[in-house]
Number of protein chains: 2
Amino acid sequence: MSTQAAPRPATARAYPNIALVKYWGKRDEALMLPVAGSLSLTLDAFATTTTVEVRAELTADEFSLNGVAQSGDSLGRVTKFLDLVRSMAGSTQFAVVTSINEAPTGAGLASSASGFAALAVSAAAAYGLDLDRPELSRLARRGSGSAARSLVDGISVWHAGDGDGTSFAEPVEAPEMSMIIVTVDARQKAVSSRTAMRRTALTSPFYPAWAPSTEQSLAAMLEACHDRDFSRIGRITETHALRMHALIQSADPPIRYLSPVSIAVFDAVAALREAGVEAYATADAGPNVAVISRPEDAQAVAEALAEYGSVRVVGAGAGAMLIDPDDATPAEATA
Amino acid sequence: MSTQAAPRPATARAYPNIALVKYWGKRDEALMLPVAGSLSLTLDAFATTTTVEVRAELTADEFSLNGVAQSGDSLGRVTKFLDLVRSMAGSTQFAVVTSINEAPTGAGLASSASGFAALAVSAAAAYGLDLDRPELSRLARRGSGSAARSLVDGISVWHAGDGDGTSFAEPVEAPEMSMIIVTVDARQKAVSSRTAMRRTALTSPFYPAWAPSTEQSLAAMLEACHDRDFSRIGRITETHALRMHALIQSADPPIRYLSPVSIAVFDAVAALREAGVEAYATADAGPNVAVISRPEDAQAVAEALAEYGSVRVVGAGAGAMLIDPDDATPAEATA
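Bear in mind the structure is a predicted one, so any value in this text is a computation, not a measurement.

Turning next to the packing of helix 1 (residues 72-89) of chain A against helix 3 (residues 133-143) of chain A. If you want to describe how two helices pack, look at the angle between their axes and the distance between the axes. Residue and element names in this part refer to chain A. Packing of helix 1 against helix 3 brings their axes to within 9 Å, and their N-to-C directions diverge by 145°. Judged by the sense of rotation from one axis to the other, the crossing of helix 1 with helix 3 is right-handed. Mapping the contact onto sequence places Arg77, Phe81, Leu84, Val85 and Met88 in helix 1 and Leu139, Ala140, Arg142 and Gly143 in helix 3. Grouping the amino acids of the contact of helix 1 with helix 3 by side-chain chemistry returns 6 nonpolar, 1 polar and 2 charged.

The structure is reproduced here in structure tokens:
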């Protein structure tokens, strides 16, 4: 019987975020520093709930995702992240990581963002680190760049920063908006965004223009958020998203993430605008399309897009946070 | 009864061309000098047949297209072009221009290329100008940039040149290939390529990289043609085409020429390659897709793509030339 206090398991929940100004390209792969800042909406759906339990008797980390024991790259990324947490905490003990992810993995719903945000918060607590929000955002960033933004409620700006210490996300005041997620194809995508980022950086003639262009879009977006100008936010969102896909498509060999149905959704969104409903489309590195609208238009937009795939209306969600382990059931009873 | 020899009408026939390395962007709008060189295949279908008859009694040019008297911009472009021919010929007489175009107008089949190539050859003859091929190519260029290439048989390189005198097209030796034209949407396109070129130049952050990238693609393409390396020709063609569409899509507001069906054709072409049939896709400023293959594969490619639209297998055609006016019936009995 040990007299030491047993390490306490910690459970955290985080949500994915969808960027309105995208993160595409790293300037430092080890520190996960982006080539430019970005801005996103943290969602109130598709949660990842993760429990980390440090156990003295383990000889290696264990990681289960949706009830399936992980190995290989999937376990490797978690272990590498925990190594960083352990180095900060001065610990050499391994942990059991149990994660439930309510979004389809690898289909462009940024599950690595919610995953590493939840892991950052739960692991920091389990290893006894006392970190503030910017520190947790910086930590999450090391697991997956866009995870930095899932530490923040609602609209979040991730500063490119001038180094590890200044590259974190923080909240931005913005008008309320809804997001209509159109899942057009839930299959695993053909080229991972990690591979695609590298190929884009190495082969696209347009890549040198990308970072300055993104910083310009971000500056305009921050102005539009400050002015509560939803129309301008929407226009910047769609133009910027199409630029990111243009950049990716310009790689050699080309990478095309948008499927025929994705393009049909962009067309339908343009038709909605012509009919007077302000909706604007964006898409991450996959075929799904996320559409923003004013909250009062969301239902009409969802109905108009229902023919293209499974449609889900979401809103602004909370940044990653610790929860009572007894609540570690899925956030959505219907999911 | 005049004792002067009556001016003789002249009739010319020209075919459109589809670029494998695209022309997108002018460095001089008045002289129609491109920002970079380009390379195309002159087709053996979709002819334009044009007769120019100079008549002393006219007080203005007349232009009929497919039997319909033209006015406004359509007539204006022809008159402006004839003004150039008249200034070269020292003539002040107007002409009747009668043109039959066997391709759908404005649907991305480059009918302005065949149109101005046929007009250049017929007008030069009707006004008594004795021009060689490079001079005719330079003249056609002034009507519509890509028309410069329709003066050349088969594969043609249009040199950017260092001025009017050196910006013309000439033949390139290359392996034989077929082109499968998939007409997915014959409606008039939403944004003219002229407008789109301007918007791209003014608003795309990627535009400064476009001309050097095109020149690189062209140099690689000329090597591949010289080596009779069809696979490399194909890869450059598809990568370059997707880059042009990426560039156009990066304009603000974005311009998307590829429709859902166009993307489905690109996907089907990729699937053909995976199945061992070497086909490569390109598209001009519209939704139609042109696919190149070795001649022996053309029928299989055409069959695989028939579900996406009307499909036509074409080959290398002749550069614009004078024909006997008695032959000025449509080139294709079935068209």
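Residues and elements named next belong to chain A. Segmentation of chain A into domains returns domain 1 (3-174) and domain 2 (178-314). Taken over C-alpha atoms, the centre of domain 1 sits 24 Å from the centre of domain 2. On the domain 2 side, the residues contacting the 33 residues of domain 1 number 43 residues. Taken together, the two surfaces of domain 1 and domain 2 that pack against each other cover about 3100 Å², and 67% of this comes from carbon and sulfur. Counting the surface domain 1 buries against domain 2, the share from its top three residues, Leu20, Lys22 and Trp24, is 29%. Summed over the shared surface of domain 1 and domain 2, the result is 3 salt bridges. Across the pair Glu173 and Arg228 runs a salt bridge, and its minimum N-O distance is 3.4 Å. Applying the counting criterion to the domain 1 and domain 2 interface returns 9 residue pairs in polar contact (both at pLDDT 80 or more). Of all the elements in the fold, those that place two or more residues in the side of domain 1 that touches domain 2 are strand 2 (17-21) and strand 5 (38-42). Ranked by the residues each element gives to the side of domain 1 that touches domain 2, the list is headed by strand 2, at 5 residues. Classifying every residue of the side of domain 1 that touches domain 2 by side-chain character gives 19 nonpolar, 8 polar and 6 charged.

Bringing the packing of aromatic side chains into the picture now. Residue and element names in this part refer to chain A. Scanning the model with the defined rule gives 7 aromatic pairs over all chains in all. Geometrically, the ring pair formed by Tyr23 and Trp158 is edge-to-face, given 4.8 Å between the ring centres and 65° between the ring planes. Remark: Trp158 occurs in strand 10 (residues 155-158) and Tyr23 occurs in the loop between strand 2 and strand 3 (26-28); sequence separation between them is 135 residues. Overall, Trp158 belongs to the buried group, its relative accessible area being 0%. We note Arg312 situated over the ring of Phe46; from NZ or CZ to the ring centre the distance is 5.2 Å.

Let us now look at helix 4 (residues 193-203) of chain B. Residues and elements named next belong to chain B. Regarding helix 4, the residues found buried are Ala196, Met197 and Thr200. Angularly, the buried residues of helix 4 cover 105° about the axis, an arc narrow enough to put them on a single face. Summarising the contacts, the buried residues of helix 4 are in contact with strand 3 (26-28), helix 5 (207-226) and helix 6 (230-249).

All names here are of chain A. In this fold, Thr237 is placed in helix 6 (residues 230-249). A polar contact is formed between the side chain of Thr237 and the backbone oxygen of Ile233, at a distance of 2.7 Å. Each residue touching Thr237, except ones within four places of it in the same chain, is listed here: Leu20, Met221, Ala281, Thr282 and Ile292.

Further remarks concern the sheet that holds strand 9 (residues 94-101) of chain A. All names here are of chain A. One open sheet accounts for 6 strands, arranged 8-7-9-6-1-16; its pairing is mixed. A single partner strand is all that each edge strand has here, and the edge strands are strand 8 (68-69) and strand 16 (321-323). Two strands pair when backbone bridges link them, and strand 7 (residues 62-65) and strand 8 are joined in this way by 2 bridges, in the antiparallel orientation. Within the sheet, the bridge partner assigned to Leu65 lies in strand 8 and is Val68.

Next up on the list: the relation of the copies chain A and chain B. Between chain A and chain B, the superposition needs a rotation of 180° and an axial shift of 0.0 Å, giving an RMSD of 0.0 Å. Those values place the two copies in the arrangement expected of a two-fold rotation axis. Most of the interface of chain A is mirrored in chain B: 100% of its interface residues are interface residues there too.

The omega angle of the peptide bond from A:Asp252 to A:Pro253 is -5°, so this bond is cis rather than trans. With respect to the secondary-structure elements, A:Pro253 resides in the loop between helix 6 and helix 7 (260-274). The phi dihedral of B:Asn66 falls on the positive side, at around 50°, and the residue is not glycine. Residue placement: B:Asn66 occurs in the loop between strand 7 (62-65) and strand 8 (68-69). A positive phi angle is found at B:Arg228, which is not glycine, with a value near 55°. With respect to the helices, strands and loops of the structure, B:Arg228 is situated in the loop between helix 5 and helix 6.

Residues and elements named next belong to chain A. Tracing the chain through its elements places Gln216 in helix 5 (residues 207-226). Under the relative-accessibility criterion, Gln216 is labelled exposed at 61%. Distance in space between the C-alpha atoms of Gln216 and Leu202 is 22 Å, their sequence separation being 14 residues.

This part covers the environment of A:Ala264. Residues and elements named next belong to chain A. With respect to the helices and strands, Ala264 occurs in helix 7. Judged by relative accessible area, which is 16%, Ala264 ranks as buried. Taking the C-alpha atoms as reference points, Ala264 and Ser156, 108 residues apart in sequence, are found 29 Å from one another.

Looking now at the nonpolar core. Counting residues in hydrophobic clusters, the biggest one holds 42 residues, and the most contacted among them are A:Val291, A:Leu305, B:Val291 and B:Leu305. Ignoring anything within four residues of it in the chain, the contact list for A:Val291 reads A:Ser178, A:Met179, A:Ile180, A:Val265, A:Val269, A:Ala279, A:Tyr280, A:Ala281, A:Val301 and A:Leu305. Ranked by size, the runner-up nonpolar core spans 40 residues in total, among them A:Trp158, A:Ile248, B:Ala148 and B:Ala209.

All names here are of chain B. Taking 1.5 Å per residue, 18 residues should reach 26 Å; helix 1 (residues 72-89) reaches 25 Å between its end C-alpha atoms and fits that length. Within helix 1, burial applies to Leu75, Val78, Phe81, Leu82, Leu84, Val85 and Arg86. Taken together, the buried residues of helix 1 touch strand 7, strand 9 (94-101), helix 2 (111-126) and helix 3 (133-143). Remark: Gly90 follows helix 1 within two positions and exhibits a positive phi of approximately 65°.

Basis of the calculations
As a convention, each chain's residues are numbered from 1 in the sequence order in which they are written. Here the convention is simple: chains get letters from A, ligands get numbers from 1, in the order in which they are written. With pLDDT at 70 or above as the cut-off, local features in this predicted model cover only qualifying residues; side-chain atom pairs require 80 or more to be listed or tallied, and sums for whole chains, interfaces and linings still use all residues. Each side-chain value is worked out from all heavy atoms of the structure, with water and hydrogens disregarded. Helix axes are fitted to C-alpha atoms over the stretch in contact, other axes to C-alpha atoms as well, and angles between N-to-C directions run from 0 to 180 degrees. Helix and strand assignments follow DSSP, with helices taken as H or I runs no shorter than four residues and strands as E runs no shorter than two, numbered in order from the N terminus. Each helix crossing is assigned a hand: it is left-handed if the near helix lies turned anticlockwise from the far helix by less than a right angle, otherwise right-handed if that turn is clockwise. We call two residues contacting when some pair of their heavy atoms lies within 4.5 Å. Any residue outside Ala, Val, Leu, Ile, Met, Phe, Trp, Tyr, Cys, Pro, Asp, Glu, Lys and Arg is labelled polar, Gly included; the first ten of those are nonpolar and the last four are charged. Boundary definitions for the domains trace back to an automatic or database domain assignment. For any pair of parts, buried area is found by adding up, for both, the accessible area (1.4 Å probe) each one loses once the two are put together. Salt bridges are identified by distance alone: a Lys or Arg side-chain nitrogen within 4 Å of an Asp or Glu carboxyl oxygen. We call two N or O atoms a polar contact when they sit within 3.5 Å, provided that within protein one can donate a hydrogen and the other can accept it, with sequence-adjacent residues counted only if both atoms are side-chain atoms. Stacked, tilted and edge-to-face pairs are distinguished by plane angle, under 30 degrees for stacked and over 60 for edge-to-face with tilted covering the rest, among Phe, Tyr and Trp rings (Trp via its six-membered ring) whose centres lie within 6.5 Å. Under the scheme applied here, a residue whose accessible area is under 20% of the maximum for its type counts as buried, over 50% as exposed, and between as partly exposed, the area being computed with a 1.4 Å probe on protein chains only. A ring has a charge above it when a Lys NZ or an Arg CZ is no more than 6 Å from the ring centre and no more than 35 degrees off the ring normal. Taking the helix axis as origin, the arc is that swept by the directions to the C-beta atoms. Strands pair, by our definition, only if DSSP identifies at least two bridges between them. The least-squares superposition of copies is restricted to C-alpha atoms, and to residues with a pLDDT of at least 70 in both copies. The nonpolar core is taken to be a set of buried Ala, Val, Leu, Ile, Met, Phe, Trp, Tyr and Cys residues, with the residues joined through side-chain atoms within 4.5 Å. One fewer than the residue count of a helix, multiplied by 1.5 Å, yields its expected span.

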